[in-house]
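Structural overview for review
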Amino acid sequence: VHDLRGMSPPGLPKGEYRRAPHEGSPMRPPGRPKGEYRSAPHEGSPMSAAAHFVIDIVVPVYNAPDDLRACVESVLAHLRPDVRVALIDDASPDPRIAEIFEELERRAHPQVVLLRNERNLGFTGTANRGMQLSRADVVLLNSDTIVTAGWLDAIMHCAATDPRNGTITPFSNN
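Summarised in this report is the structure supplied together with it. What you see is a predicted model, and the numbers here were worked out from it, not measured in a lab.

Summing up its helical and strand segments, the protein has four helices and four strands in all. Listing the helices and strands of the protein from first to last along the sequence gives β-α-β-α-β-α-β-α. Counting over 174 residues, the protein shows a buried share of 45%. A sequence separation of at least 24 residues applies to 76% of the contacts in the protein between residues at least 6 apart.

Sheets are built from strands that pair by backbone hydrogen bonding, the pairs being arranged parallel or antiparallel. If you trace the four strands from one edge of the open sheet to the other, you get β3-β2-β1-β4, paired in parallel fashion. Since the sheet does not close on itself, it has two edges, and those belong to β3 (112-116) and β4 (137-140), each with one partner. Put simply, the sheet's adjacent strands are angled 25 degrees from each other on average, direction ignored. Bridge analysis of strand β1 (residues 55-61) against strand β2 (residues 83-89) gives seven bridges, and the strand direction is parallel. Directly across from I55, in β2, lies its bridge partner V83. Docked against the sheet, helix α3 (residues 122-133) engages β1, β2, β3 and β4, running at close to 155 degrees with respect to β1.

Take the nonpolar core next. In terms of nonpolar packing, the biggest core is built from 27 residues, with I57 and L87 touching the most fellow members. For this core, the elements supplying multiple residues, two or more each, are β1, α1 (65-77), β2, α2 (95-107), β3 and α4 (151-160). Here this core gets five residues from one element, more than from any other, and that element is α1. Those residues in contact with L87 that lie beyond four places of it in its chain are V59, L68, V72, F101, L104, V112, V113, L114 and L115. Judged by nonpolar contacts, the second largest core, of six residues, contains V58, A86, I88 and V113.

Bringing the environment of H109 into the picture now. Looking at the secondary structure, you find H109 in the loop between α2 and β3. In sequence terms H109 and R84 are 25 residues apart; their C-alpha atoms lie 9.9 Å from each other. A distance of 3.0 Å separates the side chain of H109 from the backbone nitrogen of Q111, its partner in a polar contact.

What follows is about α4. Considered for burial, the residues of α4 that qualify are W151, L152, I155, M156, A159 and A160. Down the axis of α4, the buried set is contained in an arc of 160 degrees. They therefore lie on one face. Contacts from the buried residues of α4 go to β1, β2 and β4.

It is worth spelling out the pattern of salt bridges at this point. Under the criterion given, the structure shown has eight salt bridges. Here R84 makes a salt bridge to D56, at a shortest N to O gap of 2.7 Å. Here the residue R84 occupies a position in strand β2, and D56 occupies one in strand β1, the gap between them amounting to 28 residues. Like R84, the residue D56 is buried in the burial classification. Linked through salt bridges whose partners overlap, the residues forming this network are R80, D82 and D153.

The rules behind each value
Residues numbered from 1 in each chain as written. Predicted model: local features only at pLDDT ≥ 70, side-chain atom pairs only at ≥ 80, totals over all residues. Heavy atoms only, no water. Helix = DSSP H or I, 4+ residues; strand = E, 2+ residues; numbered from the N terminus. Buried < 20%, exposed > 50% of the residue type's maximum accessible area, 1.4 Å probe, protein only. Contact = heavy atoms within 4.5 Å. Pairing = 2+ DSSP bridges. Axes fitted to C-alpha atoms, helices over the stretch in contact; angles between N-to-C directions. Core = buried A, V, L, I, M, F, W, Y, C linked by side-chain atoms within 4.5 Å. Polar contact = N/O pair within 3.5 Å; in protein donor to acceptor, adjacent residues only side chain to side chain. Arc of directions from axis to C-beta. Salt bridge = Lys/Arg side-chain N within 4 Å of Asp/Glu carboxyl O.

In structure tokens, the structure reads:
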């Protein structure tokens, strides 16, 4: 875990974070394989050059469209400008998941990345895929999570209290 009080990720000068993904970066590969959703920003259109992502929220998705919709709406309602959200459909057979992803793609939210596994990898495989694509600190959310105001600030504060922290697991109200 990086000390979020001013340390930069490895390989970057102090106080700098990497820029938003660009064409060819791991979170925004060139082209898109069959069955792969586009990143919310349309391919070829750059994300804001001023955007700096210090956290990637990775949400593995498998079915449960009502839960997913509630999760996404809560995350977007409390989204910080320095955070990117990666939703990864784990080859859900429920067609309503594809509909939700298509709705999100039409919204073209600059901080949302939409991906789809060609075959089901399971929760762990999908979570690992999302974490491997990130070059920032990662928050892994279940797709039935509903977040509230200040949720991420509390996690970031906890992470910043000790550079030896490798993982933070909040208590749930459910």
